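Listed here are the chains, written in short residue letters.
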Amino acid sequence: MKVALFGAGRIGKVHAASIKADSRSDLVAVTDVVAEAADSLAKEHGIAVRTPEDILADPAIDAILIASSTNTHAELIEKGVAANKAIFCEKPIDLSLERARRVREIAAKSAKPVMMGFNRRFDPNFAAIKTALDAGEIGRGEMLAVTSYDPAPPPVAYVKVSGGLYRDMMIHDFDMCAFLFGMPESVMAHGSCLVDPEIGEAGDVDTAVVVLTYSDGRLATIRNSRRAAFGYDQRVELLGSDGMLEARNEVENTVVKSTAAGVSSAKPMFFFLERYMRAYQIEWAAFVDAVEGGKPVPATVEDGVNALALAEAANRSRQEGRPVAVAEVMAGA
């Protein structure tokens with residue numbers, strides 16, 4: 001399967017490595033608005049730098065991977081469908097829920113798979129929780145807690161174009177809740193600026209807690225912070241009627257030192273590139289399975305719309321100080 005990559009930045013480099021690691025896919029071209037980035041990645045992998053128009057028009061290219069800036073995602077999905085390409089697109093579809101809905105309609109007509117990049121679904125630890133829950137190993141799932149703390153905040157310039165913490169950072173956690181528990185009935189969001197005053201001045205928050213309430217009474221909480229001095233904190237805890245499932249942090253090494261002074265161990269891995277590298281590879285393999293083997297796409301455009309809707313509900317909840325019904329957001333109210 002011949003693949004072209006849109007975007008040669010940090011996440012593009014991660015995806016390029018995943019494509020190359022799978023013997024069933026062949027990375028053949030890259031494009032990026034930053035010529036130096038495209039040239040560097042092309043040189044590293046021995047591939048061509050081409051224009052988006054050339055890539056989309058080339059019938060020899062079977063699939064495109066969209067890892068460019070968020071404001072390009074929706075248009076590239078639409079153009080990829082029109083060009084009859086299989087499509088893998090990083091989250092989010094767009095910052096506008098209405099635009100994402102239009103993309104969903106177009107993607108539904110595609111003859112080829114269209115998959116969203118929610119890589120945490122493919123993390124072996126989180127996937128094992130899903131498998132155990134579905135198998136009834138802890139009875140009925142009742143309360144879910146998702147923790148995601150970054151080691152340090154991003155540049156304020158990035159924050160200003162990111163769509164805000166709920167759309168940019170917490171969208172992964174919204175998807176994880178939907179993955180494990182389905183879509184909630186309502187969203188109640190709280191947010192503060194405790195890490196970097198400039199983030200607050202840009203109109204965003206850097207510390208947030210969201211409560212998702214389900215129609216049957218189940219509850220899910222999400223905790224996000226742009227700062228954790230000890231590293232990249234990524235945990236899931238799921239309490240059931242017959243027990244509990246936990247996915248703890250992956251640490252830099254497994255050595256535990258025990259002395260008279262106390263017991264200590266290594267810190268969590270520092271950032272997402274280290275923590276989720278294996279998940280990115282599994283995610284890409286699942287996409288190839290869908291394209292080459294006809295298997296169902298495990299993270300759909302519908303999933304992308306759902307996660308964005310929860311982010312939209314969270315934004316509205318924080319701004320208005322009230323729980324927001326998901327149906328209200330889905331209806332465009």
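Residues numbered from 1 in each chain as written. Predicted model: local features only at pLDDT ≥ 70, side-chain atom pairs only at ≥ 80, totals over all residues. Heavy atoms only, no water.

Before going further, it helps to examine the pairing of strand β2 (residues 26-31). Sheet analysis places strand β1 (residues 2-6) next to β2, joined by five bridges and oriented parallel. Across the sheet, Phe6 pairs through a bridge with Thr31, a residue of β2. Handedness of the β-α-β unit built from β1, helix α1 (residues 10-21) and β2 comes out right-handed. For β2 and strand β3 (residues 48-49), the ladder comprises two bridges, and the chain directions are parallel. Residue pairing for β3: Ala29 is matched across the bridge by Ala48. Remark: the β2/helix α2 (residues 35-45)/β3 crossover connection has right-handed handedness. (Pairing = 2+ DSSP bridges. Helix = DSSP H or I, 4+ residues; strand = E, 2+ residues; numbered from the N terminus. Right-handed = clockwise from strand over helix to strand, strands pointing away.)

Next up on the list: the sheet that holds strand β6 (residues 114-117). An order of β3-β2-β1-β4-β5-β6 is seen for the six strands of this open sheet, with the pairing classed as parallel. Looking at the sheet topology across the chains shown, the edges are occupied by β3 and β6. Contacting β1, β4 (63-66), β5 (86-90) and β6, helix α4 (residues 70-82) runs over the sheet at an angle of about 175 degrees to β5. (Contact = heavy atoms within 4.5 Å. Axes fitted to C-alpha atoms, helices over the stretch in contact; angles between N-to-C directions.)

This next bit is on the sheet that holds strand β15 (residues 324-325). The seven strands lie next to each other as β12-β11-β7-β10-β9-β8-β15, forming an open sheet whose pairing is mixed. Edge positions in the sheet fall to β12 (243-247) and β15, since each of these pairs with one other strand and no more. Here strand β9 (residues 207-213) pairs with strand β10 (residues 219-225) via seven bridges, running antiparallel. Bridge pairing in β10 links Thr207 to Ser225. Strand contacts of helix α6 (residues 124-134): β7 (141-149), β11 (233-240) and β12, with the helix running at about 160 degrees to β12, the strand carrying the most contacts.

So, about the packing of α1 against helix α12 (residues 277-293). Taken N-terminus to C-terminus, the directions of α1 and α12 make an angle of 60 degrees; their axes are 9 Å apart at the nearest point. When the interaxial angle is binned, α1 and α12 end up oblique. Here α1 and α12 pass one another in a crossing that is right-handed. Residues Ile11, Val14, His15, Ser18 and Ile19 of α1 form the contact with α12, whose participating residues are Met277, Tyr280, Gln281, Glu283 and Trp284. Split by residue class, the contact of α1 with α12 holds six nonpolar, three polar and one charged. (Parallel < 35°, antiparallel > 145°, perpendicular 65-115°, else oblique. Left-handed = near helix turned anticlockwise from the far one by under 90°. Nonpolar A, V, L, I, M, F, W, Y, C, P; charged D, E, K, R; others polar.)

As a further point, take the pattern of salt bridges. Applying the stated criterion across every chain yields a total of 26 salt bridges. Ionic pairing is found between Asp58 and Arg50, a salt bridge with its closest N-O pair at 2.8 Å. On the accessibility criterion, Asp58 (17% relative accessible area) is buried. The exposure class of Arg50 is partly exposed, given its relative accessible area of 26%. Notably, a salt bridge pairs Arg226 with Asp150, separated by 3.7 Å at the nearest N-O pair. Here Arg226 is found in the loop between β10 and β11, whereas its partner Asp150 is found in the loop between β7 and α7 (156-162), with 76 residues between them in sequence. Residue Asp150 is classed as buried on the basis of its relative accessible area, which comes to 9%. (Salt bridge = Lys/Arg side-chain N within 4 Å of Asp/Glu carboxyl O. Buried < 20%, exposed > 50% of the residue type's maximum accessible area, 1.4 Å probe, protein only.)

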